[in-house]
Amino acid sequence: MARTHPDEKILSYNDVVLRRSDLDILNGPYLLNDRIVEFYFSYLSSTCCSSEVLLVPPSISFWIANCPILEDVKDVVAPLRLQDRKLIIFPVNNNEDVSVAEGGSHWSLLSYYKTCNLFEHYDSFGSLNKRHAMKLCKGIKGLVGAPETMSNFRECNTPQQMNGYDCGLYMLAIAELLCSCHLQEPNDSGQYRFEALQLLEVGQMRRLILKIIEDLRDQVEKESA
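These numbers come from a predicted model, not from an experiment. (Residues numbered from 1 in each chain as written. Predicted model: local features only at pLDDT ≥ 70, side-chain atom pairs only at ≥ 80, totals over all residues. Heavy atoms only, no water.)

Colleague: I tried to follow the overall build of the protein chain on my own but got confused; where do I start?
Modeller: Each helix and strand counted, the protein chain has eight helices and seven strands in total. Counting only residues that meet the buried cut, the protein chain has 46% of its 225 residues in that class. Excluding contacts between residues fewer than 6 apart, the proportion of contacts in the protein chain whose partners are at least 24 apart in sequence is 63%. Once the 22 positive and 30 negative side-chain charges of the protein chain are each reduced to a mean point, those two points are 1 Å apart. (Helix = DSSP H or I, 4+ residues; strand = E, 2+ residues; numbered from the N terminus. Buried < 20%, exposed > 50% of the residue type's maximum accessible area, 1.4 Å probe, protein only. Contact = heavy atoms within 4.5 Å. Lys, Arg positive; Asp, Glu negative; His and termini not counted. Charge placed at Lys NZ, Arg CZ, Asp CG, Glu CD.)

Colleague: What should I look at first to understand the sheet that holds strand β4 (residues 87-93) in this one?
Modeller: Either a parallel or an antiparallel arrangement is found when strands of a sheet pair, and the pairing is made through backbone hydrogen bonds. Strands sit in the order β3-β4-β5-β6-β7 across an open sheet of five strands; the sheet is mixed. Each edge of the sheet is formed by a strand with only one pairing partner; in this case those strands are β3 (53-55) and β7 (153-155). Averaged over all adjacent pairs, the angle separating strand axes in this sheet is 20°, with direction ignored. By the bridge criterion, three bridges tie strand β6 (residues 118-122) to β7 in an arrangement that is parallel. Within the sheet, the bridge partner assigned to E120 lies in β7 and is R154. Strands in contact with helix α6 (residues 167-184) are β3, β4, β5 (107-113) and β6; relative to β5, the strand with the most contacts, it is inclined by about 20°. (Pairing = 2+ DSSP bridges. Axes fitted to C-alpha atoms, helices over the stretch in contact; angles between N-to-C directions.)

Colleague: Teacher, can you tell me more about the packing of helix α3 (residues 58-66) against helix α5 (residues 130-144) here?
Modeller: Between two packed helices, the angle of one axis relative to the other and the distance separating the axes together describe the packing. Axis separation between α3 and α5 bottoms out at 7 Å; the angle between their running directions is 90°. Relative to α5, the element α3 is oriented roughly perpendicular. Here S61, I64, A65 and N66 of α3 come into contact with α5, specifically with K135, L136, G139, I140 and L143. When the residues that make up the contact of α3 with α5 are grouped by side-chain class, the tally is five nonpolar, three polar and one charged. (Parallel < 35°, antiparallel > 145°, perpendicular 65-115°, else oblique. Nonpolar A, V, L, I, M, F, W, Y, C, P; charged D, E, K, R; others polar.)

Colleague: Would you explain the pairing of β4 in this entry?
Modeller: Each regular strand displays side chains that alternate between the two surfaces of the sheet. For β4, the buried fraction is high: seven of the seven residues fall into the buried class. Side chains L87, I89, P91 and N93 project from β4 onto one buried face, and the interleaved I88, F90 and V92 project onto a second face that is buried too. Pairing analysis gives three bridges linking β3 to β4, with the strands arranged parallel. Among the inter-strand pairings, L54 is bridged to a residue of β4, identified as I88. Relative to β5, β4 runs antiparallel, the two sharing seven bridges. Each bridged residue has a counterpart across the sheet, and for L87 the counterpart in β5 is Y113.

Colleague: Is there a simple way to think about the packing of aromatic side chains in this case?
Modeller: For any two aromatic rings, the description comes down to two numbers: the centre-to-centre distance and the angle of the planes. Taken as a whole and assessed by the stated rule, the structure comprises five aromatic pairs. A ring pair is formed by Y13 and Y43, whose centres lie 6.4 Å apart and whose planes are at 45°; its orientation type is tilted. Of this pair, Y13 sits in strand β1 (residues 9-13) while Y43 sits in helix α2 (residues 34-47); the two residues are 30 residues apart in sequence, bridging distant segments of the chain. In this structure, Y13 and Y43 share a single accessibility class: buried. Joined through ring pairs, the aromatic side chains of Y13, F39, Y40 and Y43 make up one cluster. (Phe/Tyr/Trp six-rings, centres within 6.5 Å; stacked < 30°, edge-to-face > 60°.)

This is the structure in structure tokens:
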């Protein structure tokens, strides 16, 4: 049997390159890395989001939370047109060492609804990432023109993971749910997504993402044949 290398290129999708090591993570059980999160966000952006919705890559989200100079952040995020979006979705990671790439041990999700000027934090492990979400929220406010008060930050009742490694799957499933709910309920009243959240299932997420990657890879091979 031929040996495979962890850095073997599996798929190039938009600006994301997936490698054999990413498939190994998905076959798990392991904590998702930045590359898988960015891939699935990019996939959602291409398949089930309107131009009103933006899913921010993990690297940009981390930069917003940790860069001390607002003007530097503004230059980086300018192409994202944050102020033109009605819904912005950010991954939250508890990495506190800016010198360590893809650090941290827990993912959660922060959303911003411009219509009602509301930040919502979804954490599948209690409020483990609340401090990190609030830190990110503070950085975002200066980019979207939101008031400085934290009164528009809400911790949401989120389905809880049953192990120490599926937090990223919950985050991706919730991100997909929010995108779908925005299409169904563009006025962002909240009731629709809260009801849908209680039915959230993540048990098949790893297989689902692997199948999406397989299908996209087959499509690329057919187009290049």
